[in-house]
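# Examining the three-dimensional arrangement
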Amino acid sequence: MTGQAALFEFLCRMGDNTLILGHRVGEWCGHAPVLEEDIALANTALDLIGQTQMWLGLAGEVEAQGRSADDLAMLRDVWDFRNLLLVEQPNGDFGQTMMRQYLFDSWHLLMLRALEGSSDDRVAAIAAKSVKEVSYHVERSGDTVIGLGDGTSESHRRMQAALDLLWPYVGEMFADDAVSAEMATAGIAPEPSSLRPAYDETVGALMAEATLVLPDSRFAHTGGKTGTRHTEHLGHLLTQMQWLQRAYPGATW
Amino acid sequence: MSAPNSAYPDTPEAGKPKRHEWPLWEVFIRGQHGMSHRHVGSLHAPDAEMAVKNARDVYTRRNEGVSIWVVEARHIAASSPSDKGPLYEPSESKVYRHPTFFDIPDDVGAM
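For chain A, the count of helices and strands is 11 helices and 0 strands. Listed by position from the N terminus, the elements making up chain A come as α-α-α-α-α-α-α-α-α-α-α. Relative to the 2.2 N^0.38 estimate, which gives 18 Å for 253 residues, the radius of gyration of chain A is 18 Å and therefore close to what a compact globule would have. By residue count, 43% of the 253 residues in chain A fall in the buried class. Across chain A, every contact between residues at least 6 apart in sequence was considered, and the portion connecting residues at least 24 apart equals 73%.

All names here are of chain B. Bridge analysis of strand β1 (residues 24-30) against strand β2 (residues 38-44) gives 6 bridges, and the strand direction is antiparallel. For F28, the partnering residue across the bridge sits in β2 and is H39. Of the strand pairs in this sheet, β1 and strand β3 (residues 67-72) are connected by 6 bridges, and their pairing is antiparallel. Looking at the pairing, F28 lines up with W69 of β3.

Residues and elements named next belong to chain A. Note that V62 resides in helix α2 (residues 35-63). Judged by the 20 C-beta atoms lying within 10 Å of it, V62 is buried. Along the chain, V62 and L11 lie 51 residues apart, while their C-alpha atoms are 9.0 Å from each other.

All right, on to unusual backbone geometry then. Residue and element names in this part refer to chain A. One non-glycine residue, A64, adopts positive backbone phi at about 60°. In this fold, A64 is placed in the loop between α2 and α3 (69-74). Of note in this structure, T211 is not a glycine but carries a positive phi near 55°. In this fold, T211 is placed in the loop between α9 (196-209) and α10 (232-241). Exposure remark for T211: the 13 C-beta atoms within 10 Å place this residue in the partly exposed category.

Now for the sheet that holds β2 of chain B. All names here are of chain B. Read across the sheet, 3 strands follow the order β2-β1-β3 without closing on themselves; strand pairing throughout is antiparallel. Every interior strand has two partners, whereas the edge strands, β2 and β3, have only one. Averaged over all adjacent pairs, the angle separating strand axes in this sheet is 30°, with direction ignored. Its contacts with the sheet put helix α1 (residues 48-59) on β1, β2 and β3, and the angle it makes with β3 is roughly 125°.

This paragraph deals with the nonpolar core. In terms of nonpolar packing, the biggest core is built from 66 residues, with F10, L11, W55, A59, L86, M99 and M159 of chain A touching the most fellow members. For this core, the leading source of residues is helix α5 (residues 94-115) of chain A, giving 12 residues. One finds W25, I29, A45 and I68 of chain B within the second-largest nonpolar core, a separate group that totals 11 residues.

End to end, α1 of chain B covers 16 Å across 12 residues, agreeing with the expected 16 Å (1.5 Å per residue, within 8%). When we look at burial in α1 of chain B, the residues that qualify are M50, A51, K53, N54, A55, D57 and V58 of chain B. In this structure, the buried side of α1 of chain B is in contact with α2 and α6 (121-149) of chain A together with β1, β2 and β3 of chain B.

At the junction of the two partners, chain A supplies 8 residues and chain B supplies 11 residues. If you list the elements that add at least two residues to the side of chain A that touches chain B, you get α2 and α6 of chain A. Among the elements that make up the side of chain A that touches chain B, the one with the highest residue count is α2 of chain A (4 residues). The residue inventory of the side of chain A that touches chain B, partitioned by class, reads 3 nonpolar, 2 polar and 3 charged.

This brings us to the packing of α5 of chain A against helix α7 (residues 153-166) of chain A. Residue and element names in this part refer to chain A. Across the interface, α5 lies against α7 with an axial gap of 9 Å and an inter-helix angle of 50°. Relative to α7, α5 is oriented oblique. Seen from above, α5 lies across α7 with right-handed handedness. Residues G95, Q96, M99, R100 and L103 of α5 lie in contact with α7, whose contacting residues are S155, R158, M159, A162, L163, L165 and L166. Looking at the contact of α5 with α7 residue by residue, the class counts come to 7 nonpolar, 3 polar and 2 charged.

Parameters at a glance
Residues numbered from 1 in each chain as written. Chains lettered and ligands numbered in written order. Predicted model: local features only at pLDDT ≥ 70, side-chain atom pairs only at ≥ 80, totals over all residues. Helix = DSSP H or I, 4+ residues; strand = E, 2+ residues; numbered from the N terminus. Rg over C-alpha atoms; globule rule 2.2 N^0.38 Å. Buried ≥ 20, exposed ≤ 12 C-beta atoms within 10 Å, placed from the backbone. Contact = placed C-beta atoms within 7 Å. Pairing = 2+ DSSP bridges. Axes fitted to C-alpha atoms, helices over the stretch in contact; angles between N-to-C directions. Core = buried A, V, L, I, M, F, W, Y, C linked by C-beta atoms within 7 Å. Expected span 1.5 Å × (residues − 1). Nonpolar A, V, L, I, M, F, W, Y, C, P; charged D, E, K, R; others polar. Parallel < 35°, antiparallel > 145°, perpendicular 65-115°, else oblique. Left-handed = near helix turned anticlockwise from the far one by under 90°.

If you want it as structure tokens, here you go:
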């Protein structure tokens, strides 16, 4: 794999994560349990979509095939997406959504902080802009996980169930492969596995505060960021997200 | 636990049924160019920390502020509308209290 091809893959991974999670979180718009959370979730979704424009915009530039961020988002099918399996998982109840958000945000913040020192100035610039938004995301999702985990017996039960359900999707965030090796050698991005100790420390401490028990297993579903084995949920999500371009190809306004 | 049941000022808490709602908070924001915090509205939140976060999300989406204060609405003591006469009318006839009889130099700035 050439350096440019690996960089394109890496940028799609970053952009597809924020795109798919942004869409998922946006599904709550008008449905959240309270008005304040509804607005907060929509803000988070918009932050993520904004970051997507930067990541996929740069991906299109690097690919040099004339594809824009919109083209990459709306005209690819399931097997071309490079997002983590975690972010395509359904929202479930509010607690499950916030658990997914916290597990992702914690990784996202570590990754972006590392990318601020990227050898590629364009990557470093996107990371520097995103890191402020994501610092807030993780503060908010973390507080909510603590509040609900250490809340009523009902909320505690739901949060523990969400953690048990989503934990097997955490490992993929730290899986190294040929793309990440290329990025690490070029000094563009860290090896994902290098972020794991810091992740385990922060997430472990927060879960303890939330009185939640981390599952005693490192089993990890994989295949999202390589595009080889997405879960069945991504295809359904795309039928919603890409509906307009599928029904009216090339439509603009 | 002495958690407040009432989100409104002047409402006694004792003997009230437990409210299954978050308390009400009043939000004050200092704008980019403002000099003091101004009341912008209210919201519900389980505690002060989340009230600040909710205020950030609800009231500063368009770059409105550089500082947020929140206070639980039940802690605000308010004047009574029926006391309007004795409270405010006496000052109506005292124009000499307005600083309109002085020329304020432009370079003094905002007073």
